[in-house]
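Structural description and commentary
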Amino acid sequence: MKMKLFAATAVLALGLAACGGETPAPETPAPEAPVAEAPAPEPAPVATASIGETPADPVAFMKTRHDNYEDLGKNFKVMLDNSKLGTPDMAAVSAAAVKVNEYAGQMGTWFPPGTGPEAGKTKAKANVWTERADFDAKLADLQTEAAKLVTATSTDAAAFKAQFGATGGKCKACHDVYREEDKDK
Amino acid sequence: MTDDTVASTSRAPTPKQKVWDAPVRLVHWMLVFLVAFSWWTAEEGEMQWHYWSGLTIVGLLVFRVYWGFAGPETARFSRFVKGPGAILSYTAKLLKPDYRATFGHNPLGALSVIAILLALIAQVGFGLFASDTDGLESGPLSPYVSYEVSQDAGDLHEEAFNILLILIGLHIAAIVFYLVAKRINLIGPMITGSRKAEGLDGPRSGIAPVPAWRFLLGVAIAVATVFLIVWLPTTR
Ligand code: HEM
Ligand code: HEM
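Residues numbered from 1 in each chain as written. Chains lettered and ligands numbered in written order. Predicted model: local features only at pLDDT ≥ 70, side-chain atom pairs only at ≥ 80, totals over all residues. Heavy atoms only, no water.

Here the focus is the coordination of the iron atom of ligand 2. All names here are of chain B. Protein-derived ligands of the iron atom of ligand 2 are His-50 (NE2) and His-157 (NE2), with the metal-ligand distances lying across 1.9 to 2.0 Å. In this structure, the iron atom of ligand 2 is surrounded by 6 donor atoms whose angles at the metal cover 85 to 179°, and the resulting shape is octahedral. Here His-50, found in helix H3 (residues 47-70), pairs with His-157, found in helix H7 (residues 147-181); they are 107 residues apart in sequence, far enough to count as distant. Judged on exposure class, the residue His-50 and its partner His-157 are both buried. (Donors = N, O, S within 2.8 Å, 3.2 Å for Na, K, Ca; no water. Tetrahedral: all angles 85-135°; square planar, octahedral: opposite > 155°, others 65-115°. Helix = DSSP H or I, 4+ residues; strand = E, 2+ residues; numbered from the N terminus. Buried < 20%, exposed > 50% of the residue type's maximum accessible area, 1.4 Å probe, protein only.)

Residue and element names in this part refer to chain B. Each protein donor to the iron atom of ligand 1 is listed here as His-28 (NE2) and His-171 (NE2); together their distances run 1.9 to 2.0 Å. Each of the 6 donor atoms around the iron atom of ligand 1 contributes to a set of angles spanning 88 to 179°, which defines the coordination as octahedral. Separated by 143 residues along the polypeptide, His-28 in helix H2 (residues 22-44) and His-171 in helix H7 bring together distant segments of the chain. A relative accessible area of 24% means that His-171 is categorised as partly exposed.

Let's shift gears to unusual backbone geometry. Not every positive phi belongs to a glycine, and Arg183(B) is a case in point at roughly 55°. In this fold, Arg183(B) is placed in the loop between H7 and helix H8 (187-192).

All names here are of chain B. In the neighbourhood of ligand 2, 21 residues make up the surrounding shell, with His-50, Gly-127, Asp-132, His-157 and Phe-161 lying closest. One nitrogen or oxygen atom from the side chain of Glu-158 is found 3.4 Å from an oxygen atom belonging to ligand 2. In terms of residue class, the shell around ligand 2 is made up of 10 nonpolar, 9 polar and 2 charged. (Near = heavy atom within 4 Å. Polar contact = N/O pair within 3.5 Å; in protein donor to acceptor, adjacent residues only side chain to side chain. Nonpolar A, V, L, I, M, F, W, Y, C, P; charged D, E, K, R; others polar.)

For His50(B), a relative accessible area of 16% translates into the label buried. Leaving out residues up to four positions away in the same chain, His50(B) has contacts with Ser38(B), Thr41(B), Ala42(B) and His157(B). (Contact = heavy atoms within 4.5 Å.)

Glancing now at the site of ligand 1. All names here are of chain B. His-28, Arg-64, His-105, His-171 and Leu-186 are the nearest of the 18 residues found near ligand 1. In the environment of ligand 1, an oxygen atom lies 2.7 Å from a nitrogen or oxygen atom belonging to the side chain of His-105. Contact distances for ligand 1 include 2.8 Å between a nitrogen atom and a side-chain N or O atom of His-171. Among the elements of the structure, H2, helix H6 (107-129), H7 and H8 are those that each provide at least two residues to the shell around ligand 1.

All names here are of chain A. It is the contact of helix H3 (residues 90-106) with helix H5 (residues 132-153), at a shortest axis distance of 9 Å, that shows an interaxial angle of 155°. Between H3 and H5, the interaxial angle falls into the category roughly antiparallel. Helix-helix and strand crossings are classified by hand; for H3 and H5 the assignment is left-handed. Residues Met-90, Val-93, Ser-94, Ala-97, Val-98, Asn-101, Ala-104 and Gly-105 of H3 lie in contact with H5, whose contacting residues are Leu-139, Leu-142, Gln-143, Ala-146, Ala-147, Leu-149, Val-150 and Thr-153. Broken down by class, the residue content of the contact of H3 with H5 amounts to 11 nonpolar, 5 polar and no charged. (Axes fitted to C-alpha atoms, helices over the stretch in contact; angles between N-to-C directions. Parallel < 35°, antiparallel > 145°, perpendicular 65-115°, else oblique. Left-handed = near helix turned anticlockwise from the far one by under 90°.)

When you line up the elements, Arg179(A) lands in the segment after helix H6 (157-178). With a relative accessible area of 18%, Arg179(A) lands in the buried category. Remark: the alpha-carbon pair of Arg179(A) and Lys123(A), spanning 56 residues in sequence, is separated by 5.4 Å. In this structure Arg179(A) touches Lys123(A), Lys125(A), Cys174(A) and Thr133(B), once residues within four positions along its chain are discounted. At 3.4 Å, the side chain of Arg179(A) and the side chain of Thr133(B) are in polar contact.

With that out of the way, let us pick up the state of the cysteines. All names here are of chain A. Following the criterion strictly, the structure yields 0 disulfides over all chains and no others. The thiol of Cys-171 is unpaired, and the distance to the nearest cysteine sulfur, on Cys-174, comes to 8.9 Å. Exposure remark for Cys-174: the relative accessible area of 16% places this residue in the buried category. (Disulfide = S-S within 2.5 Å.)

Moving on: the packing of aromatic side chains. This model, assessed by the stated rule, comprises 24 aromatic pairs over all chains. With centroids separated by 5.6 Å and ring planes inclined at 50°, the aromatic side chains of Trp39(B) and Phe161(B) adopt a geometry described as tilted. In this pair, Trp39(B) sits in helix H2 while Phe161(B) sits in helix H7, placing the two residues 122 residues apart along the sequence. What makes Phe161(B) buried here is its relative accessible area of 16%. Ring pairing ties together the aromatic residues Tyr69(A), Tyr103(A), Trp110(A), Phe111(A), Trp129(A), Phe135(A) and Tyr178(A), which thus form one cluster. (Phe/Tyr/Trp six-rings, centres within 6.5 Å; stacked < 30°, edge-to-face > 60°.)

Further remarks concern the pattern of salt bridges. Evaluated as defined, the whole model comprises 9 salt bridges over all chains. A salt bridge links Glu148(B) to Lys74(A); the shortest N-O distance between them is 3.2 Å. One end of the pair, Glu148(B), is in helix H7; the other, Lys74(A), is in helix H2 (residues 58-83), on a second chain. Residues Glu102(A) and Lys99(A) are paired through a salt bridge, measuring 3.8 Å at the closest nitrogen-oxygen approach. (Salt bridge = Lys/Arg side-chain N within 4 Å of Asp/Glu carboxyl O.)

Honestly, it's all geometry; don't read function into it.
If you want it as structure tokens, here you go:
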């Protein structure tokens, strides 16, 4: 019966693999923004100054944004998986933390006007643009924690595990308010 | 009435017929509680509780599948899973007024039992590999699959729940149908294990006892499976 359970889950997993067709995105970050200095203890720069101009091709811009988030998610999963291990692969974890910190630094430039739900497929809610100050504050929170995460991953496993949860909480805090829960991929 | 056999059975020394053994009943009511609890914890974001509630369901399902081969006759798949012919002739009998409740699952009800068990297996199967977008919550087996697969598992986990809800709705509707339209209370026996042995289908004494070691072996397999699911990924 154990076999049965495993067989069932294996079949499910295969089915999943078959429908997870989207290929990983090439790393084409959105318009450059100052990347937060890695281990800096002071709050990382907040991209409030310029919300930016509407891009020429909003749909392509939004696709790139989505691809960037997917890559962010992949890097985050590397840490999530490792956070469950007694002895995490600290090299992999450090590399992922640097990447996450980079993305956190750029994220402020990913939401120029005209790239919201009115322009095409996105999970970003319209309030990203109407409650910008709060959105930016939540982003600043992430930038603070992501910078600490870089430091923690170059310290030791215990520091990494503690700081990983704190960082993930900032992802969630923003998603709860600004990201659509629907699965309208 | 001409039904002498029925009348004589009612004077029999054993007025009760044992239909469901304790493990089947315990698994059933734990499933009812834990499926509801899993739903509630997911809605409330109590993911630590969700995780352990789900893993307990995994153990219950492993045990129930094993019991379908090792348990008493009313628990065995080979006894209650029937072909389309038996299901049709049962349905015809069901609509007659002199219908007698089946000993164990009837051929039609068996479909629902199997469907619910499969839906539960799919539900927990997806949950084990799922991870959420915040990258905070994940099933114990998600480290074995890529980011994309575990995201899709999360989506399917959410959608499978709708299917499960439909099946549970049908299940409860069927039980209410027997109660109201056929005046047969199936719930009582699922709680106490026995029913009044009057004019019923099946052996009068009911199910035969199963050796304790078979039960203990099933519990051991269930616990070991859950333990492996939790422990193996931490050793990669
Ligand atoms: C989460 C909800 C539920 C699930 C997943 C569920 C699942 C099941 C399963 C798998 C069986 C087959 C038992 C076995 O052979 O091991 C069963 C039988 C049964 N369930 Fe449920 N059940 C649920 C809710 C309920 C509720 C709320 C009631 C009472 C109103 C109920 C009453 C019964 C009865 C009476 C049987 C025996 C049916 C027969 O005589 O053939 N169930 N259920
Ligand atoms: C019958 C058992 C279960 C039921 C009814 C159930 C139900 C649910 C529901 C309704 C959600 C909410 C989905 C959403 O709104 O995002 C959820 C999420 C989740 N469940 Fe379960 N679950 C079960 C078992 C499990 C198991 C065994 C695991 C793994 C240990 C698990 C892991 C998860 C995870 C990681 C999430 C978050 C995924 C996401 O947000 O996409 N679940 N579950």
